[in-house]
Amino acid sequence: MGTTAAEIKLQHIDGSVRLELMNQIWEEYPSAELKEANDIIWDSKLNALPIVTKDGDTVDYKSGDELTEDGVYTLTFENFDGYKASYSFTIDTTAPVIATEGADHRESVNQDVKVFYTEENLTAELFKDGKSLGEYTSGNPISADGQYRVRVADQAGNEVSVEFTIDKTAPTDLSITIANESILGNNSIAFDTFYNKAIAIRLSAEFDISGMESMEYQKVSSVSQYSLSGDWTAYNEETGIMISPSEKFVLYFRATDRAGNRTIVNSTGIVVDDQM
């Protein structure tokens, strides 16, 4: 008559794990990685001694107690005939740790970005503008303009993501208009544009990648008064820039995106005089 030992039967019930000891010949079950709290259940009337270890250390465990701490667990049953079988699994509820160089989470920057992770057995995926670019390797530079997400996951299904925007392109299509007519100038400014009543100046620009941070202007009576480090006034898109008669000026327009890129243009020389 052959000698028998117990079988461990694994059942997933409502997110927990149930291990039942059966009076059958041992069958080998694969290891599993589990994310949620787990119960180990065995039939106390069976002729076997259960031992539970966590990370190699024996723990005091009663049938049905909840296991909540992260760690590598082994449940070993040994009957009085010396037959022994074990079932090992991992509880891992901790998301991977990642670090970034060049950008913080949800930041817009105008430089390359790298994402780092050091744990083993992780998978990382790179997304650009909502589309997967495939696997990402820790430390690889990301250079092209776009909106990015790097998702890193461990074998237990815990994951962490970082999002950022790379924008190395300065704002484009800057315009300065009066009554829908462009008054953009060049480096050689002449006061050759005249109005005989109050005017409203409108500014606009394109911020395609990271979006607009600010639109500002500097109004000076001569080119020599302009200074890059001078005082800039925030542009009001609702009202525009109202200019009353008896003014002679050049308007400088600065557009800045969320990544810090800037473009500056200027108007031609404008004269507003209701006495003309």
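The residue numbers shown here count from 1 along each chain, following its written sequence. Restriction of local features to residues with pLDDT of at least 70 applies here, the model being predicted, together with a cutoff of 80 or more for giving and counting side-chain atom pairs; totals for whole chains, interfaces and linings are based on all residues. With hydrogens and water excluded, all non-hydrogen atoms of the structure serve as input to the side-chain values.

### Overview of the confidence of the model for the chain
Item 1. pLDDT is defined as a per-residue confidence score from the predictor, taking values between 0 and 100. The pLDDT averaged across the chain works out to 84; a share of 80% of its residues lies at or above 70.
Item 2. Note on definitions: a residue-residue contact is assigned when non-hydrogen atoms from the two residues lie within 4.5 Å. Across residues 1-37, confidence stays below pLDDT 50; counting only partners more than four residues off in sequence or on other chains, it has 107 contacts.

### Considering the nonpolar core
Item 1. Nonpolar cores were defined as sets of buried Ala, Val, Leu, Ile, Met, Phe, Trp, Tyr and Cys residues, with membership established by side-chain atoms within 4.5 Å. Only protein chains enter the area calculation, which uses a 1.4 Å probe; residues under 20% of their type maximum are buried, those over 50% are exposed, and those in between are partly exposed. Ile199, Ile201, Leu203, Ile241, Phe249, Leu251 and Phe253 are the most contacted members of the largest nonpolar core, which totals 20 residues.
Item 2. Counting only elements with at least two residues in this core, the list comes to strand 17 (172-178), strand 20 (199-206), strand 21 (212-220), strand 23 (241-243), strand 24 (247-257) and strand 26 (269-272).
Item 3. Contacts of Phe253, omitting those with residues within four sequence positions, involve Leu174, Ser175, Ile176, Leu203, Ser204, Ala205, Met215, Glu216, Trp232, Thr263, Ile264 and Val265.
Item 4. By size, the runner-up hydrophobic cluster in this structure holds 16 residues, among which are Leu126, Ile142, Val150 and Phe164. Numbering of helices and strands runs from the N terminus; a helix is a DSSP stretch of H or I covering at least four residues, while a strand is a stretch of E covering at least two.

### Considerations on the packing of aromatic side chains
Item 1. Between 30 and 60 degrees the pair is tilted, below 30 it is stacked and above 60 it is edge-to-face, where a pair is any two Phe, Tyr or Trp rings, Trp via its six-membered ring, whose centres lie within 6.5 Å. By the definition in use, this model includes four aromatic pairs.
Item 2. The interplanar angle of 15 degrees and the centroid separation of 5.6 Å between the aromatic rings of Tyr73 and Phe89 together place this pair among those described as stacked. Here Phe89 lies in strand 9 (residues 84-91) and Tyr73 lies in strand 8 (residues 71-79), a separation of 16 residues in the sequence.
Item 3. On the basis of an interplanar angle of 20 degrees and a centroid distance of 5.7 Å, the ring pair of Tyr148 and Phe164 is categorised as stacked. Placement of Tyr148 in strand 15 (residues 146-153) and of Phe164 in strand 16 (residues 159-166) is noted, with a sequence separation of 16 residues between them. The residues Tyr148 and Phe164 share a single accessibility class, namely buried.
Item 4. Linked through ring pairs, Tyr226, Trp232 and Tyr252 together constitute an aromatic cluster.
Item 5. In this scheme, Lys NZ or Arg CZ marks a charge over a ring once it lies within 6 Å of the ring centre and within 35 degrees of the ring normal. A cation over a ring is seen here: Lys219 above Phe249, with NZ or CZ 5.7 Å from the ring centre.
Item 6. Geometry around Phe191 places Lys248 over its ring, the cationic atom sitting 4.6 Å from the centre.

### Comments concerning the pairing of strand 12 (residues 114-117)
Item 1. Side chains of strand 12 alternate between two faces, with Val115 and Tyr117 buried and Lys114 and Phe116 left unburied.
Item 2. Here, any two strands with at least 2 DSSP bridges between them count as paired. Pairing of strand 10 (residues 98-101) with strand 12, which is carried by four bridges, proceeds in the antiparallel orientation. Paired with Glu101 across the bridge in strand 12 is Lys114.

### Notes on the sheet that holds strand 17
Item 1. Taken in spatial order, the four strands of this open sheet run 18-17-20-23, and their pairing is antiparallel. If you trace the sheet from one side to the other, it starts and ends with strand 18 (181-182) and strand 23, each paired once.
Item 2. For strand 17 and strand 18, the ladder comprises two bridges, and the chain directions are antiparallel. Within strand 18, the position partnered with Ile178 by the bridge is Glu181.

### Comments concerning the pairing of strand 24
Item 1. Of all the eleven residues making up strand 24, nine are buried; the element is thus mostly covered by neighbouring parts of the structure.
Item 2. Sheet analysis places strand 21 next to strand 24, joined by eight bridges and oriented antiparallel. Bridge pairing in strand 24 places Glu216 opposite Arg254.
Item 3. Direction of pairing for strand 24 relative to strand 26: antiparallel, over a ladder of three bridges. When the bridges of strand 26 are listed, Phe249 appears paired with Ile270.
Item 4. Here strand 24 runs beside strand 25 (residues 262-266); their pairing, made up of five bridges, is antiparallel. Note that in strand 25 the partner of Ala255 across the bridge is Thr263.

### What to know about the side chain of Glu216
Item 1. Take Glu216: it is sitting in strand 21.
Item 2. The buried category is assigned to Glu216, whose relative accessible area is 16%.
Item 3. Dropping the residues within four chain positions of it, Glu216 is found in contact with Trp232, Thr233, Ala234, Tyr235, Tyr252, Phe253, Arg254 and Thr256.

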